[in-house]
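Coordinates in review
Each chain is listed here by its residues.
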Amino acid sequence: MPPIRSDILHPDRRDAGEIVDPRRLRREHTRWPGLDQATRFARIVVLDHGGRRRPVIHRGSRHLRSRVVSRKTDLLQISEGKGLRFLIQRCEIDGNKVDYQAHPFRIDVVADGEVLTWYPDIVWVERGGRPHLVEVKTDISALDDPDYLRKIQIMLEVARLIGWTLQVVYDEDIFGRREIRDARWANVNAIYSRRYLLASDYEKHALSTLVAHGGEIEWKTAREAVAPGDAARGDAVVEWAIARGRFTADLDSRITPRTVLTPLHAAAATATIRI
């Protein structure tokens, strides 16, 4: 699955003299009175399963709301809007994303004497990467609001200072351009629906052998290897293998017997979003 493109946002408030340092991110603990307030530039509050102190999703919301138990994280994923729900589905089946969480944090920052609060829509971390904060909007017109743009620019700098990244994504980024939208939607939903499939020991062994081989293979080859003579079962198991992070494939094109599967080996140690 190709990465979602980033927006080009250049925060005016970037301090070029400050170096990126992930060690700035640390748990709160008791220190000398006043020292904590004097040295802190932002506070990140971890919201358990989308937040209990302040529910992000409530009855007054006009957007689609859903709660999904994630197989990948074993945690509740709360979404608001079709775009965020589809991002959750993509994170769930993308083997390059080793962890993710919807509505993970509340971030408080003091800027020009004003307290700014932001609730990121989702955060994920990819193999070998650092946490990536994401804000979901329908289109770029959201940035026409100068107050909102200022807040996002400030949050961009906060993310940069701790070695994280941040981007705003729009519906076109999430669902794809018109010419690929139908294929992406169908492929993601088909694979997402297989994530709890029960594979047999034979099927698991066949998949492990294909992954261990390490080379790219065609869909029909994998299908025949895991379920000889049963194309429907073979397709289901290959979809399950993608959902479980064993393979990646181009999900922006219609899946055919010639679709190329790329094996994924176990992910190396990477940064964590579980603060």
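Now for a quick tour of the structure. (Residues numbered from 1 in each chain as written. Predicted model: local features only at pLDDT ≥ 70, side-chain atom pairs only at ≥ 80, totals over all residues. Heavy atoms only, no water.)

Some points on the sheet that holds strand β9 (residues 165-169)
Taken in spatial order, the four strands line up as β4-β7-β8-β9 in an open sheet, and their pairing is mixed. In the strand order of this sheet, the two ends are held by β4 (97-102) and β9, each with one partner. This sheet shows a mean twist of 20° between the axes of neighbouring strands, independent of strand direction. Examined bridge by bridge, strand β7 (residues 122-126) and strand β8 (residues 132-136) share three bridges and lie antiparallel to one another. For Ile-122, the partnering residue across the bridge sits in β8 and is Val-134. In the packing of helix α2 (residues 82-93) onto the sheet, contacts are made with β4, β7, β8 and β9, and the angle to β7 comes to roughly 20°. Strands β8 and β9 of the sheet are contacted by helix α3 (residues 146-161), whose axis makes an angle of about 150° with β9. (Pairing = 2+ DSSP bridges. Helix = DSSP H or I, 4+ residues; strand = E, 2+ residues; numbered from the N terminus. Axes fitted to C-alpha atoms, helices over the stretch in contact; angles between N-to-C directions. Contact = heavy atoms within 4.5 Å.)

Quick word on the packing of helix α6 (residues 201-213) against helix α7 (residues 219-226)
Relative to each other, α6 and α7 sit at 140°, their axes nearing to 8 Å. One finds that α6 runs oblique with respect to α7. For the pair α6 and α7, the crossing hand works out as right-handed. The segment α6 lies against α7, with Tyr-202, Glu-203, Ala-206, Leu-207 and Leu-210 engaging Ala-222, Ala-225 and Val-226. Looking at side-chain class alone, the contact of α6 with α7 contains seven nonpolar, no polar and one charged residues. (Parallel < 35°, antiparallel > 145°, perpendicular 65-115°, else oblique. Left-handed = near helix turned anticlockwise from the far one by under 90°. Nonpolar A, V, L, I, M, F, W, Y, C, P; charged D, E, K, R; others polar.)

Some words on the sheet that holds strand β11 (residues 247-248)
Strands belonging to one sheet form pairs held by backbone hydrogen bonds; the direction of such a pair is parallel or antiparallel. Across the sheet, which stays open at both edges, the three strands sit in the order β10-β12-β11 with antiparallel pairing between neighbours. The open sheet has two free edges, formed respectively by β10 (217-218) and β11, since each of these has just one partner strand. Inspection of the sheet shows β11 paired to strand β12 (residues 260-263) by two bridges, in the antiparallel sense. Bridge pairing in β12 links Phe-247 to Pro-263.

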